[in-house]
Amino acid sequence: MKEKTTQNQSNTNLPIGIFDSGVGGLTVYRALHERLPNEKFIYLGDTARVPYGTKSLATVERYAIENSSFLASHGIKLLVVACNTASALALPKIREKIGVEVVGVIGPGARKAVEITKVNENPKISVIATEATVSSNAYADSIREASKEAEILQNACPLFVPLAEEGWTAEDETFSIAKKYLQKVIEFAPNTLVLGCTHYPILRDVIQQTIGENVRLIDSGEATAEEVEQLLKDKGLANTEQISYNRKRHLCDDLDHFYVTDAAERFAKVAERFLGVKPSKLEAVEVFEVSK
Ligand code: DGL
C-alpha cells in the first residue's frame, strides 16, 4: 500500500499521453484540456500513416503499439487512445505492452449513450464511425454490456473525415453527403447517436440538422474526458502542481507538447481550423516500438 502511494506521488506531475491516427484526436485533446486544465498533455498524431479506418487489425495493432511506446518512453502517467479505430481494434494489445493506465474512447462513448438513453422504454442507439470501427463491433459490444435491451444500428461515414479536415462544416456538399450516409439512421429513428470517430464532432451541426434536433448526440471524446477525470481521482493520479491556479491555461499552450510523424505544417493548419489556435510546441518524429 505504502509503495503504491509513493509511486503515484512521483507519477502525478507527469503529462497525460494522447495518440490518434492524425489530427482528428485534437477533438479529444480539447475535451480533456477543457475538463482538466491542471494537467499537461503530450499528443502524437500519426500523420504519416493516417487513415487507420480502412486498415486491417494487424496493421492498426502494430501502429498503435509503436505510438504507445513512443509516448510511454517520454514519461506519461496515463495513455488516452483518442483514435476510435485504434481503441476498437488494439486496446488489449496496448494494455499488454504499456505499463501505464490506458483509456480508450469506445467504452466511455458507449456507456454515456446508454446512460442518456436509459429513460426510454425501447432504447435505440445508433453509432457512426469508420469502416474498421463498425466492422469490429466494439461499440455494439460495449453498448450491449451496459444495456441488454438497447437496439443498435451502426453505419460507416468515411467521407466525413476529409470533409472535417477541409473545414467544410456548412457546405451544401457536406449536407448532401450527410443526408445520404444518415438515411438508414434516420429510418432507424434512434434516441441517441454516438459520434464514434475523432473527426465527427467537427461536423456536429451538419449531423444534428440532418438527423433532427430530437436525437441526442454523444461525443465520445467528451465522455472519455469525464471518465479520465474520475480515474485520476480514483487512482490518486491528478496533478499536484496546481498549474492552472498560477496561470490561465490555453489550448495548445507551451505546457502541451505535440508530435507528428509527418507533415507538421499541415497538422498546424488543420489544428488551427479545429481548435482556433496552432500548437506552440510541435515536432516531427519517427515512431517505433521501444522494447521494455
Ligand atoms: N482517428 C480515426 C478514428 O477516430 C479517424 C481517421 C482515420 O481513419 O484514421 O477512427
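Thresholds, definitions, all that
- Residues numbered from 1 in each chain as written.
- Predicted model: local features only at pLDDT ≥ 70, side-chain atom pairs only at ≥ 80, totals over all residues.
- Heavy atoms only, no water.
- Pairing = 2+ DSSP bridges.
- Helix = DSSP H or I, 4+ residues; strand = E, 2+ residues; numbered from the N terminus.
- Axes fitted to C-alpha atoms, helices over the stretch in contact; angles between N-to-C directions.
- Contact = heavy atoms within 4.5 Å.
- Near = heavy atom within 4 Å.
- Polar contact = N/O pair within 3.5 Å; in protein donor to acceptor, adjacent residues only side chain to side chain.
- Areas by Shrake-Rupley, 256 points an atom, 1.4 Å probe, with all protein chains shown as cover.
- Nonpolar A, V, L, I, M, F, W, Y, C, P; charged D, E, K, R; others polar.
- Buried < 20%, exposed > 50% of the residue type's maximum accessible area, 1.4 Å probe, protein only.
- Salt bridge = Lys/Arg side-chain N within 4 Å of Asp/Glu carboxyl O.
- Parallel < 35°, antiparallel > 145°, perpendicular 65-115°, else oblique.
- Left-handed = near helix turned anticlockwise from the far one by under 90°.
- Phe/Tyr/Trp six-rings, centres within 6.5 Å; stacked < 30°, edge-to-face > 60°.
- Lys NZ or Arg CZ within 6 Å of the ring centre and 35° of its normal.
- Expected span 1.5 Å × (residues − 1).
- Right-handed = clockwise from strand over helix to strand, strands pointing away.

Pairing is parallel in the open sheet, where 6 strands are placed in the order E4-E3-E1-E2-E9-E10. Bordering the open sheet on either side are strand E4 (101-104) and strand E10 (282-284), each of which pairs with just one other strand. Here the strands of the sheet are splayed against their neighbours by 20° on average, with no regard to which way each runs. Note that strand E1 (residues 16-20) and strand E2 (residues 41-45) share 5 bridges and pair parallel. Counted as the bridge partner of Phe19 is Leu44 from E2. Strand contacts of helix H3 (residues 57-73): E1, E2, strand E3 (78-81) and strand E9 (257-260), with the helix running at about 155° to E1, the strand carrying the most contacts.

It is worth spelling out the site of the ligand at this point. In the region of the ligand, 13 residues are neighbours, and Asp20, Ser21, Tyr52, Gly53 and Thr85 sit closest. Here Gly53 contributes a backbone N or O atom positioned 2.9 Å from an oxygen atom of the ligand. Here the ligand loses 99% of its free accessible area of 300 Å² to cover by the protein chains. For the shell around the ligand, the residue count by class is 5 nonpolar, 7 polar and 1 charged.

Here we take up the side chain of Thr192. Checked against the element boundaries, Thr192 lands in strand E7 (residues 192-196). The exposure class of Thr192 is buried, given its relative accessible area of 1%. Here Thr117 takes part through its side chain, which lies 2.6 Å from a polar atom of the side chain of Thr192. Leaving out residues up to four positions away in the same chain, Thr192 has contacts with Ala113, Ile116, Thr117, Lys124, Ile125, Ser126, Val215, Arg216 and Ile218.

Before going further, it helps to examine the pattern of salt bridges. With the rule as written, the count across this model stands at 15 salt bridges. Put simply, Arg247 and Asp254 hold a salt bridge, and the shortest N to O gap is 3.1 Å. Measuring nitrogen to oxygen at the nearest pair gives 4.0 Å for the salt bridge that ties Glu272 to Lys278. Note on Glu272: relative accessible area 37%, which makes it partly exposed. Note on Lys278: relative accessible area 44%, which makes it partly exposed. Each of Arg247, Arg249, Asp253, Asp254 and Asp256 takes part in salt bridges that share partners, so that together they form one network.

This brings us to the packing of helix H2 (residues 26-35) against helix H13 (residues 264-275). For the pair H2 and H13, interaxial distance at closest approach is 10 Å and the crossing angle is 50°. Taken together, the axes of H2 and H13 lie oblique to each other. Along this stretch, H2 crosses H13, giving a crossing that reads as right-handed. Contacts between H2 and H13 pair Leu26, Thr27, Tyr29 and Arg30 from the former with Phe267, Ala271, Phe274 and Leu275 from the latter.

This part is about the packing of aromatic side chains. In the structure shown here, the tally under the stated rule is 8 aromatic pairs. Taking 5.3 Å as the distance between ring centres and 90° as the angle between the ring planes, the aromatic pair formed by Phe160 and Tyr181 counts as edge-to-face. Note that Phe160 is positioned in helix H8 (residues 160-166) and Tyr181 in helix H9 (residues 172-188), a separation of 21 residues in sequence. Phe160 gets classed as buried once you look at its relative accessible area, which sits at 1%. Judged by relative accessible area, Tyr181 falls into the buried class, the value being 17%. Ring pairs connect the aromatic residues Tyr29, Phe41, Tyr43, Phe258 and Phe267, which therefore count as one cluster. If you follow Arg49 out to its NZ or CZ, it ends over the ring of Tyr63, 3.9 Å from the centre. Lying over the aromatic face of Phe188, Lys124 brings its terminal NZ or CZ to 4.9 Å of the ring centre.

Next up on the list: H9. The end-to-end C-alpha distance of H9 is 24 Å, a good match for the 24 Å that 17 residues give at a rise of 1.5 Å each. Residues of H9 that are buried include every one of Thr174, Ala178, Tyr181, Leu182, Val185 and Phe188, and no others. On its buried face, H9 is in contact with strand E5 (124-129), strand E6 (151-156), H8, E7 and helix H10 (204-211). Residue Ala189 follows H9 closely and has a positive phi angle near 55°.

Alternating positions in E3 separate into two faces, Leu78 and Val80 on one and Leu79 and Val81 on the other, with burial throughout. When E1 meets E3, the two strands line up parallel, connected through 4 bridges. Paired with Gly17 across the bridge in E3 is Leu79. In this structure, E3 lies alongside E4, joined through 4 bridges in parallel fashion. When the sheet's bridge partners are listed, Leu79 is paired in E4 with Val102. Handedness of the crossover joining E3 and E4 through helix H4 (residues 84-97) is recorded here as right-handed.

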